[in-house]
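Observations on the model geometry
The primary structure of each chain is shown beneath.
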Amino acid sequence: MKGARMSLPTQMAIGMVLGIIVGAATPMIGFNPSYYQPIGQLFINLVRMVVVPLVLTTLVAGAASVGDVSRLGRVAGKTLTYYLATTAIAVVIGLILANIVQPGSGLSISTEGLKAKDVTPPSLVSVLLNIVPINPMDALSKGNMLQIIFFALLFGFGLSTVGEKGKPVLNFFDGAADVMIKVTGFVMLYAPIGVFGLMAYTVAMHGLSVLLPLIKLVGVMYVACLLQILIVYLPCVKFTGLSASQFLKGLSPSMMIAFTTCSSAAALSTTLLGVQRLGASRPVASFSIPLGNTINMDGAAIYMGIAAIFAAEVYGIPMPLDRQLTVILLAVLASIGSMGVPGAALIMITMVFTQVGIPLEAIALVAGVDRIMDMARTTINVLGDATGAVFVSKLENDFDPARGARMAEAE
Ligand code: ASP
């Protein structure tokens, strides 16, 4: 924000640190942690409020301005390939690291009385059929991102083919997209306080004691996330001509929202604008970011690989290579099916566990530290989408940091 003495990421970082301090001190002063909850929830509500109108307007305007079906098909192909490949690499990184460190060795935790629910994955046909909304208004009101993307793309194309008559409609969506960008900016003014509330609540609720027996597992998760950034994202970012620090700085508000809310859906609007300010084109960003938000969850994939090895070790279940290959395949599918909400991967991991014969009670083992791991994986989920958007935009030769800087200037 212009005129403010401190940049938004700095303010958010301060909010986060203050939240940790206040959260840690909460049990000592005997304060009820639930008081912090609405402060954070208000922020989550605000950021989720802008998602549907922002995605709809930018995607319609973006698709209408591309106007060329083969180009959009190309963007879609590149984006999907990138997402699938990086998610598979993510599971492999998690698996290799977990095989080396063996986070579950020497650990035996009683799981008596703890039961976890099984999740049956929907069939592929129904998943694909479900992308087409029977009622687009229903898709909008439910915030079903795949359905919204599908309808917005078709609408945008239709718009680009009706010539003169379509102009006012295009102007409307273009203008509404700019309005939504402004509204997102207003919402972000509350971010430092929201982040404070979320952090204080999490730390006060989950304290450090729950972490100690599982510290190795959490450590492996964070190191694997770091490796994903270093091995996968930064080389892709370098290809666009951006430096690592420019990229991470530009996305720091998104990362902080992801880290504190544990919801990549909550970070969607900030990421969508963040990658455009870095130079990704609007048509590519408005397609890749909402799509990635729904299907690209590299952090969740890393987590599933690590958790599978961890649980197998604790239960003494052998994990030969063929089982680990099954884990890779299923973790990719399960991460695609995960939603951008807190704890989603913890539910979806039952798909992986069931398939390789790990008792579902194992979920209870990791549930205590899930929030701390969710923070890392959500941040990676968001960074993975952002990397995809800048990378594909560069492949499409429409990556332009100067345009991004002008956009940031105009806000
Ligand atoms: N919390 C994650 C997200 O919102 C999903 C998960 O990995 O549980 O992206």
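All values reported here derive from a predicted model rather than from experimental measurement.

Moving on to the environment of Ala-152. Mapped onto the elements, Ala-152 comes out in helix 6 (residues 145-161). As a C-alpha pair, Ala-152 and Ile-363 span 211 residues in sequence and 38 Å in three-dimensional space. Not counting residues up to four positions away in its chain, the partners in contact with Ala-152 are Leu-56, Leu-59, Val-60 and Ala-63.

Each pair of packed helices can be summarised by the angle the axes make with each other and by the distance between the axes. Between helix 6 and helix 13 (residues 282-295), the shortest axis-to-axis distance is 9 Å and the interhelical angle comes to 155°. The pairing of helix 6 with helix 13 is recorded here as roughly antiparallel in orientation. The interaxial crossing formed by helix 6 with helix 13 has left-handed handedness. Of the residues in helix 13, those touching helix 6 at Met-145, Leu-146, Ile-149 and Leu-153 are Phe-287, Pro-290, Leu-291, Thr-294 and Ile-295. In the contact of helix 6 with helix 13, the residues fall into eight nonpolar, one polar and no charged.

The next point concerns the site of the ligand. In the region of the ligand, 16 residues are neighbours, and Ser-264, Ala-345, Asp-374, Arg-377 and Asn-381 sit closest. Side-chain polar atom of Ser-264 to an oxygen atom of the ligand: 2.5 Å apart, as the coordinates give it. Separating a nitrogen atom of the ligand from a side-chain N or O atom of Asp-374 is a distance of 2.7 Å. Considering the ligand on its own, with 270 Å² of exposed area, one finds that the protein chains cover 100% of that surface. Going through the elements one at a time, helix 16 (344-356) and helix 18 (370-395) are the ones with two or more residues in the shell around the ligand. For the shell around the ligand, the element with the most residues is helix 18, which contributes four residues. Looking at the shell around the ligand, its residues break down into eight nonpolar, six polar and two charged.

Attention now moves to the packing of aromatic side chains. Across all of its chains, the model carries nine aromatic pairs by this definition. When the centroid spacing of 5.2 Å and the interplanar angle of 55° are considered together, the rings of Phe-239 and Phe-391 count as tilted. Highlighted residues: Phe-239 in helix 9 (residues 215-240) and Phe-391 in helix 18, separated in sequence by 152 residues. Phe-391 sits in the buried class, given a relative accessible area of 18%. Each member of the aromatic cluster is reached from another via a ring pair, and the members are Tyr-82, Tyr-83, Phe-239 and Phe-391.

To continue, consider helix 8 (residues 191-206). Compared with the 22 Å implied by 1.5 Å per residue over 16 residues, the 22 Å span of helix 8 between its first and last C-alpha is a close match. Of all the residues in helix 8, the buried ones are Ala-191, Pro-192, Gly-194, Val-195, Phe-196, Gly-197, Leu-198, Met-199, Ala-200, Thr-202 and Ala-204. Positive phi shows up at Gly-207, right after helix 8, with a value of about 30°.

Where helix 3 (residues 69-101) contacts helix 14 (residues 298-315), the two axes come as close as 7 Å, and the packing angle between them is 30°. Taken as axis vectors, helix 3 and helix 14 run roughly parallel relative to one another. Regarding helix 3 and helix 14, the two cross each other, and that crossing is right-handed. Contacts between helix 3 and helix 14 involve Tyr-83, Thr-86, Thr-87, Ala-90, Val-91, Gly-94, Leu-95, Ala-98 and Asn-99 from the first element and Asp-298, Ala-301, Ile-302, Gly-305, Ile-306, Ile-309 and Glu-313 from the second. Residues of the contact of helix 3 with helix 14, tallied by class, amount to nine nonpolar, five polar and two charged.

The next thing to look at is the pattern of salt bridges. A full pass over the atoms with the stated rule returns nine salt bridges. Of the charged contacts in the structure, one is a salt bridge between Glu-396 and Arg-71, with a shortest N-O distance of 2.9 Å. In this pair, Glu-396 is assigned in the loop between helix 18 and helix 19 (401-410) and Arg-71 in helix 3, connecting sequence segments 325 residues apart. Classification of Glu-396 as buried rests on a relative accessible area of 9%. In this structure, Arg-282 and Asp-178 form a salt bridge, with 3.5 Å as the shortest nitrogen-oxygen distance. Placement of the pair is Arg-282 in helix 13 and Asp-178 in helix 7 (residues 167-189), with a sequence separation of 104 residues. Of the residues examined, Asp-178 reaches a relative accessible area of 42% and is grouped as partly exposed.

Mapped onto the fold, Gln-276 is located in helix 12 (residues 264-278). Not counting residues within four places of it along the chain, the set of residues in contact with Gln-276 comprises Arg-282, Ala-285, Gly-404 and Met-407.

On to unusual backbone geometry. Generally, phi is negative for residues other than glycine and the peptide bonds are trans, each holding for most cases. Positive phi, normally seen in glycine, also occurs at Gln-102, with a value near 50°. Of note, Gln-102 is situated in the loop between helix 3 and helix 4 (124-129). Despite not being glycine, Cys-262 has its phi angle at roughly 60°, a positive value. The topology assignment puts Cys-262 in the loop between helix 11 (252-261) and helix 12. The exposure class assigned to Cys-262 is buried, which follows from its relative accessible area of 1%.

Conventions used here
- Residues numbered from 1 in each chain as written.
- Predicted model: local features only at pLDDT ≥ 70, side-chain atom pairs only at ≥ 80, totals over all residues.
- Heavy atoms only, no water.
- Helix = DSSP H or I, 4+ residues; strand = E, 2+ residues; numbered from the N terminus.
- Contact = heavy atoms within 4.5 Å.
- Axes fitted to C-alpha atoms, helices over the stretch in contact; angles between N-to-C directions.
- Parallel < 35°, antiparallel > 145°, perpendicular 65-115°, else oblique.
- Left-handed = near helix turned anticlockwise from the far one by under 90°.
- Nonpolar A, V, L, I, M, F, W, Y, C, P; charged D, E, K, R; others polar.
- Near = heavy atom within 4 Å.
- Polar contact = N/O pair within 3.5 Å; in protein donor to acceptor, adjacent residues only side chain to side chain.
- Areas by Shrake-Rupley, 256 points an atom, 1.4 Å probe, with all protein chains shown as cover.
- Phe/Tyr/Trp six-rings, centres within 6.5 Å; stacked < 30°, edge-to-face > 60°.
- Buried < 20%, exposed > 50% of the residue type's maximum accessible area, 1.4 Å probe, protein only.
- Expected span 1.5 Å × (residues − 1).
- Salt bridge = Lys/Arg side-chain N within 4 Å of Asp/Glu carboxyl O.

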